[in-house]
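# Structure at a glance
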Amino acid sequence: MNSSPNTDCPLCQQDGGTVLWRNDKLRIVLAAEPGYPGFCRVIWQAHRAEMTDLPTEDRQYLMEVVFAVEQSLREIAQPNKINLASLGNVVAHLHWHVIPRYRDDRHFPNAIWGQSVRDNAGDHPVDIRQLADALSRHLSSR
Ligand SMILES: [Zn+2]
C-alpha cells in the first residue's frame, strides 16, 4: 500500500480547514462551510481511501476520535442532531464529517448536501476556543 502523500490529493497537500487538534495519525479541522459554523472533519493523515484500508486498531482509534468530536460538539454547540458522514466521492482520502444540525438550519431535515429547504436559517455560532478546549479534554486520555 502506498503511504506517501498523493500530489493530486487536496487533503495530502493542505490541512483542509482550521486545525483544532492533530497528532501523527489524524487531524481535526473546522471546515469553512457557510451556515455550518461547528462543522468539523476528522482527517486521517496518511492517504487512504477506505476504513478497511486501516488496521483494525487504527479504525477503532479513528472512530473514538470521531465520537470525541461528536461529544465535544454536543457540549459546546448543543445541536438538535449530529450528522456523521464518510463519503469520499469527491476527495478519496479518508475523512469523517461531524456536523452539528439544527431544526432551523438551511437544509434540515435533509443532508447538508441535499436540497436546501429555507433561506432564513437560524444563527448558531460556535465558540472555537471552547470547542478546542473540549476536544483537548476528550482526547487527552486517548
Ligand atoms: Zn490524500
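Residues numbered from 1 in each chain as written. Predicted model: local features only at pLDDT ≥ 70, side-chain atom pairs only at ≥ 80, totals over all residues.

### Focus: the packing of helix 2 (residues 56-77) against helix 3 (residues 128-139)
Two numbers describe a pair of packed helices, the interaxial angle and the distance between the axes. The following threshold applies: All axes are obtained by fitting lines to C-alpha atoms, using only the stretch in contact for helices, and the reported angles, taken between N-to-C directions, cover 0 to 180 degrees. Helix and strand definitions follow DSSP, with helices as H or I runs of at least four residues and strands as E runs of at least two, each counted in order from the N terminus. Oblique is the label for every angle not falling under 35 degrees (roughly parallel), over 145 degrees (roughly antiparallel), or within 65 to 115 degrees (roughly perpendicular). Note: crossing handedness is left-handed where the near helix turns anticlockwise from the far helix by less than a right angle, and right-handed where it turns clockwise. Distance between backbone-placed C-beta atoms decides contact: two residues are in contact if it is within 7 Å. Three categories are distinguished: nonpolar for Ala, Val, Leu, Ile, Met, Phe, Trp, Tyr, Cys and Pro, charged for Asp, Glu, Lys and Arg, and polar for the others, with Gly belonging to the last.
Running from amino to carboxyl end, helix 2 crosses helix 3 at an angle of 135°, the nearest separation of the two axes being 9 Å. The pairing of helix 2 with helix 3 is recorded here as oblique in orientation. Remark: the crossing between helix 2 and helix 3 carries right-handed chirality. On helix 3, the residues that touch Val65, Ala68, Val69, Gln71, Ser72, Glu75 and Ile76 of helix 2 are Gln130, Leu131, Ala134, Leu135, His138 and Leu139. A per-class count over the contact of helix 2 with helix 3 returns eight nonpolar, four polar and one charged.

### Here we look at the nonpolar core
Put simply, the rule is: Think of a nonpolar core as buried Ala, Val, Leu, Ile, Met, Phe, Trp, Tyr and Cys residues, each tied to the set through C-beta atoms within 7 Å. Using C-beta atoms placed from the backbone, we call a residue buried if 20 or more other C-beta atoms fall within 10 Å of its own, exposed if 12 or fewer do, and partly exposed for counts in between.
Counting residues in hydrophobic clusters, the biggest one holds 27 residues, and the most contacted among them are Ile28, Cys40, Val42, Val69, Val98 and Leu135. When contributions to this core are tallied by element, the ones reaching two or more residues are strand 1 (18-22), strand 2 (26-30), strand 3 (40-44), helix 2, strand 5 (95-101) and helix 3. A per-element tally of this core places helix 2 first, with eight residues. The residues touching Val69, leaving out its near neighbours within four places in the chain, are Ile28, Cys40, Val42, Val98 and Leu135.

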